[in-house]
Structure formats: C-alpha cells, structure tokens
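Here's the letter readout for the chains.
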Amino acid sequence: NAGVTQTPKFQVLKTGQSMTLQCAQDMNHNSMYWYRQDPGMGLRLIYYSASEGTTDKGEVPNGYNVSRLNKREFSLRLESAAPSQTSVYFCASTEGPFTAGNTIYFGEGSWLTVV
Amino acid sequence: KQEVTQIPAALSVPEGENLVLNCSFTDSAIYNLQWFRQDPGKGLTSLLLIQSSQREQTSGRLNASLDKSSGRSTLYIAASQPGDSATYLCAVPYSGGYQKVTFGTGTKLQVIP
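Within each chain, residue numbers correspond to sequence positions counted from 1 in written order. Ligands are numbered from 1 and chains lettered from A, in the order in which they are written. Under the rules for a predicted model, residues below a pLDDT of 70 receive no local features and side-chain atom pairs below 80 are neither given nor counted, while totals for whole chains, interfaces and linings still include all residues. The side-chain quantities take in all heavy atoms of the structure and omit both hydrogens and water.

## Here's the deal with the overall build of chain A
Numbered from the N terminus, helices here are DSSP runs of H or I no shorter than four residues, and strands are runs of E no shorter than two. The secondary structure content of chain A amounts to zero helices and eleven strands. Reading chain A from its N end, one meets helices and strands in the order β-β-β-β-β-β-β-β-β-β-β. Only C-alpha atoms enter the radius of gyration, while the globule expectation follows 2.2 Å times N to the 0.38, with N the number of residues. Rg of the C-alpha trace for chain A: 13 Å, near the compact-globule value of 13 Å for 115 residues, within the 12% margin. Its C-alpha atoms put chain A at 40 × 25 × 25 Å along the principal axes. Only protein chains enter the calculation, and the probe is 1.4 Å; a residue is then buried if its accessible area is under 20% of its type maximum, exposed if over 50%, and partly exposed in between. Counting across all 115 residues of chain A, residues that qualify as buried make up 50%. We call two residues contacting when some pair of their heavy atoms lies within 4.5 Å. Contacts spanning at least 24 positions in sequence make up 54% of the contacts within chain A whose residues lie at least 6 apart. Of the roughly 5100 Å² that chain A leaves accessible, carbon and sulfur atoms contribute 47%. Throughout, the Shrake-Rupley method with a 1.4 Å probe supplies accessible areas, and for residues the shown protein chains are the sole cover considered.

Structure below.
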C-alpha cells in the first residue's frame, strides 16, 4: 500500500546547488503532478504530466524542470537552487483528469530549505 | 483564473460539537470539488469528491454539499473528535484547464478534548 512515494523527505541546499526530487506511484496512474506548498499561498502547481511521455507547465514552473521517466516515476529538478524555492514539495497522481472525477493521491512531502 | 477561499483560516471547538467548514470559488463552471485533510507534516488525503451533478456526498461523520450557483461548498463534521484536528482543504478544477486544480489555503481545525 505504498501509494505515492517521495524522496528525500528533508533536504538542505546551498544557493546555486542542484538537486532532484524523486517520485514514484504504484497505482498505475496516468497523470502525475508536482506542487509546492507555502504558508498563506496554498498549493501551487509546478509541473504536471498528463500521461507518460508528456509534461506541461503549471502555475509556477520557473526554476524547475521535470522528467516523466516512465509511467511510475516523475522527478522534479532544481538546477540552481534559490532561497525562494524553500518550500514543501508534494508529488501527486491521478488515474486520469481531475475534471473526470479522479481522486488525487498525494505523497508525504519533501521539505526543502535553501540557504 | 479560479480563486478559492476558505474562511475561517482557523477554528477551535470543544469535542462533540457539530461544525461547518466553508469553501467559496469564483468560477461556478466546475466539474467537481474535492475536500482533503492534511495532518501536520503529512500529505493531503482525499475525504470526499462531489460531482457537479450532485448536491451532497457523505462519508461517515462527514457530509459535503455543493451549490454551484452560489459558488460554495460546505463540509459538515458531526460529533467532532480530537482526531479530527487537522487542516481541511477544498480543491476545484482550474478555469480552462482540465488537468489543473486550484486549492484553497485551508481551515486549520482544533478539536479540544
């Protein structure tokens, strides 16, 4: 019953460093998402992948890149970390489009601090 | 762009009380609405999904209603328990984007024993 698994759980980066957040789901879902959650801002979509082989920008894509490695895995890369990227990052997945009534399943989150 | 508002931002109630959480959205042309629960340090867990054609959806002590015309949804929690303490968020589809979702900032609920 793993669901959506994210790694790492916690990470501290120095400004300018790069890192990749990993996400994997075992529910055979087609769509996967990366969100960031900031106090007072709610959850904001960074990138999403409607299906294997496709990726699209969300609301706040600047400074990030993604890779849909296969149907199970969707990674988020910070090429040159900035303090403004300090946040909690959530990976999520759905069987299909949210508008079709598909429940969103979230990972446990990755706490990232950029100093 | 769909705007979602949840008021109040925080709520503290004694155990056993019935309570209502509110979610307002600006674009009433929605397909559905979901309510989530988030425990501290955890991800979001889906509680209820209401299709646009539905007025209510129930799960145990939880009942969610949807009024598209007024742009509102309410989450009713009956006989609240300390274990209900969490942040509750609602989510609706992003205007014009079938894959995107707009989340409210949530209501942080504390149920006092």
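## Brief notes about the confidence of the model for chain B
What pLDDT reports is the predictor's confidence in each residue, on a scale of 0 through 100. Summary statistics for chain B give a mean pLDDT of 92 and a share of 96% for residues scoring 70 or more. At the low end of the mean pLDDT range in chain B sits strand β10 (residues 101–103) of chain B, at 88; at the high end sits strand β11 (residues 107–112) of chain B, at 97.

## Points about the pairing of strand β6 (residues 56–59) of chain B
All names here are of chain B. Two strands qualify as a pair provided DSSP detects at least 2 bridges between them. Bridge analysis of β6 against strand β7 (residues 62–67) gives four bridges, and the strand direction is antiparallel. Note on β7: the bridge partner recorded for Ser59 is Leu62. From the end of β6 to the start of β7, which pair antiparallel, there are two residues, and Gly60 there has a positive phi angle of about 60 degrees.

## Details of the sheet that holds strand β3 (residues 19–25) of chain A
Pairing between the strands of a sheet comes from backbone hydrogen bonds, and it takes one of two forms, parallel or antiparallel. All names here are of chain A. Taken together, four strands build an open sheet; the order of strands is β1-β3-β8-β7 and the sheet is antiparallel. This sheet does not close on itself; its edge strands, each paired only once, are β1 (4–7) and β7 (64–68). Neighbouring strand axes in the sheet, compared pairwise and without regard to direction, differ in orientation by 15 degrees on average. Pairing geometry for β7 and strand β8 (residues 74–78), over five bridges, is antiparallel. Residue Ser67 lies in a different strand from β8, and its bridge partner there is Ser75. Fitting a line to C-alpha atoms yields each axis, with helices limited to the stretch in contact; the angle taken between N-to-C directions then spans 0 to 180 degrees.

## A look at the layout of surface pockets
Buried and open spaces are told apart on a 1 Å grid over the protein atoms alone, a cavity being a set of points where a 1.4 Å probe fits but cannot get out and a pocket being an open set with protein on both sides within 12 Å along at least five of seven lines. Residues with an atom within 4 Å of a point are the lining residues. Grid points are joined across faces, edges and corners, and a volume is the space filled by probe spheres set on the points. Counted as a void, the largest pocket has a volume near 430 Å³. Taken together, 23 residues make up the lining of the largest pocket; nearest its centre are Gln37(A), Gln38(B), Pro40(B), Gly41(B) and Thr87(B). Of all elements in the fold, only β4 (31–38) and β9 (87–94) of chain A together with β9 (86–93) and β11 of chain B reach the threshold of two or more residues within the lining of the largest pocket. Under the grouping applied here, Gly and all other residues not named as nonpolar or charged are polar, the nonpolar ones being Ala, Val, Leu, Ile, Met, Phe, Trp, Tyr, Cys and Pro and the charged ones Asp, Glu, Lys and Arg. Taken together, the residues that form the lining of the largest pocket break down as nine nonpolar, ten polar and four charged. Considered as a void within the structure, the second largest pocket measures approximately 230 Å³ in volume. The wall of the second largest pocket is formed by 17 residues, among which Tyr105(A), Phe106(A), Glu108(A), Leu44(B) and Thr45(B) lie closest to the centre. With three residues, strand β5 (residues 44–51) of chain B is the largest single contributor of residues to the lining of the second largest pocket. Counted by class, the lining of the second largest pocket contains seven nonpolar, six polar and four charged residues.

## Re the side chain of Asn32(B)
Within the fold, Asn32(B) resides in strand β4 (residues 32–38). Reaching out from Asn32(B), the side chain makes a polar contact with the backbone oxygen of Phe98(A) at a distance of 2.9 Å. Setting aside anything within four residues of it in sequence, one finds Asn32(B) in contact with Phe98(A), Thr99(A), Ala100(A), Gly101(A), Leu49(B), Ile50(B), Gln51(B), Ser52(B), Ala91(B), Val92(B) and Pro93(B). Polar contacts, as counted here, are pairs of nitrogen or oxygen atoms within 3.5 Å of one another; within protein the pair requires one atom able to donate a hydrogen and one able to accept it, and residues that are adjacent in sequence qualify only if both atoms are side-chain atoms.

## As for the interface of chain B and chain A
In this assembly, 24 residues from chain B lie in contact with 29 residues from chain A. By definition, the buried area sums, over both parts, the 1.4 Å-probe accessible area that each loses when the two are put together. Carbon and sulfur atoms supply 60% of the area buried between chain B and chain A, which totals about 2100 Å² over both sides. We define a salt bridge as a side-chain nitrogen of Lys or Arg found within 4 Å of a carboxyl oxygen belonging to Asp or Glu. Measuring nitrogen to oxygen at the nearest pair gives 3.3 Å for the salt bridge that ties Lys42(B) to Glu108(A). At the surface where chain B touches chain A, the tally comes to four residue pairs in polar contact (both at pLDDT 80 or more). Contributions of two or more residues to the side of chain B that touches chain A are made by β4, β5, β9 and β10 of chain B. In the side of chain B that touches chain A, the residues fall into eleven nonpolar, ten polar and three charged.

## So, the nonpolar core
The definition of a nonpolar core used throughout is a set of buried Ala, Val, Leu, Ile, Met, Phe, Trp, Tyr and Cys residues joined through side-chain atoms within 4.5 Å. Formed by 22 residues in total, the largest nonpolar core has its most connected members in Leu33(B), Trp35(B), Leu75(B) and Ile77(B). Elements with a minimum of two residues in this core: β3 (19–25), β4, β5, β7, β8 (72–77), β9 and β11 of chain B. Aside from chain neighbours lying at most four places away, what touches Leu33(B) is Cys23(B), Phe25(B), Leu48(B), Leu49(B), Ile50(B), Leu66(B), Ser73(B), Cys90(B), Ala91(B) and Val92(B). Among the nonpolar cores identified, the runner-up in size contains 19 residues, and Leu13(A), Trp34(A), Leu76(A) and Ala81(A) belong to it.

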